[in-house]
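Structural description and commentary
Here is how the chains run, residue by residue.
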Amino acid sequence: MKVRDLTLTALFIALGILLPFITGQLQSIGSMLLPMHLPVMIGGLILPLGNAAIIGFVTPILRSLLFTMPPLFPKAIAMAFELLTYGVVISLVYNKLGKHNLKNIYIALIIAMIAGRIIWGLVTFLLVGIGLEAFISSTIISGIPGIILQLIFVPFIVRLIEKKL
């Protein structure tokens, strides 16, 4: 593993742990912004697959163990699988598409967002039996601000980073 990749992996885990503190100050919309997702998605686009998987799985578990938020069961466990899926899928799709351009960032991002939310729903169903209506409400409707944030900031930040690396 390259030192650069290891350093960026640690940085993205740290950001995933710290960003929720910023948005958490806005109780009504803090969790809707999905701040922990951003470093995972960015890492998945600029780091190797294994690093992206580590960022996704470790970040919510570590944050839960350090700060008890999100609660370990069921939320942090379900998020670990969701974010693992984001990291893996976005990395696989982006690298499979070959050319690293804005269009392919959006394609990889949208596919990963769909896959991650499906995995979150499946894991949550297995852990606590969430129903379809609750799944749609908690994953899609309440996540709209975060989805918009991801669609705006992830491509912009990745393009900036790719120019510097």
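This section reports on the structure supplied with the text. Since we're looking at a predicted model, the values are computed, not measured. Sequence order as written defines the numbering, with residues in each chain counted from 1. The model is predicted, so local features are restricted to residues of pLDDT at least 70 and side-chain atom pairs to those at 80 or more, both for listing and for counting; the totals for chains, interfaces and linings are taken over all residues. Side-chain metrics rest on all non-hydrogen atoms present in the structure, leaving aside hydrogens and water.

This paragraph deals with the overall build of the protein chain. Within the protein chain one finds 7 helices and 0 strands. Radius of gyration means the value over C-alpha atoms here, while the globule rule gives 2.2 Å times the residue count to the 0.38 power. Taken over C-alpha atoms, the radius of gyration comes to 15 Å for the protein chain, in line with the 15 Å a tight globule of 165 residues would show. Along the first, second and third principal axes, the C-alpha set of the protein chain runs to 40 × 30 × 30 Å. Only protein chains enter the accessibility calculation, which uses a 1.4 Å probe. A residue is then buried if its area is under 20% of the maximum for its type, exposed if over 50%, and partly exposed in between. Buried residues in the protein chain amount to 43% of all 165 residues. The contact criterion used is simple: two residues touch if any of their non-hydrogen atoms lie within 4.5 Å. Intrachain contacts of the protein chain at a sequence separation of at least 6 include 70% that bridge at least 24 residues. Think of it this way: any DSSP run of H or I at least four residues long counts as a helix, any run of E at least two long counts as a strand, and we number them from the N terminus.

Below, the discussion takes up the packing of helix H2 (residues 37-46) against helix H7 (residues 144-164). For the pair H2 and H7, interaxial distance at closest approach is 10 Å and the crossing angle is 40 degrees. The orientation of H2 with respect to H7, classified from their angle, is oblique. Relative to H7, H2 is oriented so that their crossing is right-handed. Contacts between H2 and H7 involve His 37, Leu 38, Met 41, Ile 42, Leu 45 and Ile 46 from the former and Leu 149, Gln 150, Val 154, Ile 157, Val 158, Ile 161 and Glu 162 from the latter. Under the convention adopted here, Pro, Cys and the residues Ala, Val, Leu, Ile, Met, Phe, Trp and Tyr are nonpolar, Asp, Glu, Lys and Arg are charged, and Gly plus all remaining residues are polar. Tallied by class, the residues present in the contact of H2 with H7 amount to 10 nonpolar, 2 polar and 1 charged. Only the stretch in contact is used when fitting a helix axis, every axis being a line fitted to C-alpha atoms; angles between N-to-C directions are given from 0 to 180 degrees. If an angle is under 35 degrees, it is roughly parallel; if it is over 145, roughly antiparallel; if it lies from 65 to 115, roughly perpendicular; otherwise it is oblique. For any pair of crossing helices, the crossing counts as left-handed if the nearer helix is rotated counterclockwise from the farther one by less than a right angle, and right-handed if it is rotated clockwise.

Inspection of the secondary structure assignment puts Thr 68 in the loop between helix H3 (49-67) and helix H4 (72-97). Taking C-alpha positions, Thr 68 is 25 Å from Thr 7, a pair spaced 61 residues apart along the chain.

As a further point, take the packing of aromatic side chains. The description of two aromatic rings rests on the distance between their centres and on the angle between their planes. Only the six-membered ring of Trp is used, alongside the rings of Phe and Tyr, when aromatic pairs are assigned; centres must lie within 6.5 Å, and planes under 30 degrees apart are stacked while those over 60 apart are edge-to-face, with the rest tilted. A complete count under the given rule lists 2 aromatic pairs for this structure. Each ring, one from Phe 57 and one from Phe 81, has its centre 5.4 Å from the other, and the planes form 80 degrees; the classification is edge-to-face. Here Phe 81 lies in helix H4 and Phe 57 lies in helix H3, a separation of 24 residues in the sequence. By relative accessible area, Phe 57 is classed as partly exposed at 34%. Overall, Phe 81 belongs to the partly exposed group, its relative accessible area being 34%. Note on geometry: a ring has a charge over it if NZ (lysine) or CZ (arginine) is within 6 Å of the ring centre and within 35 degrees of the ring normal. Just above the ring of Phe 21 sits the side chain of Arg 63; from NZ or CZ to the centre is 4.5 Å.

None of the figures reported here should be taken as evidence of function without further support.
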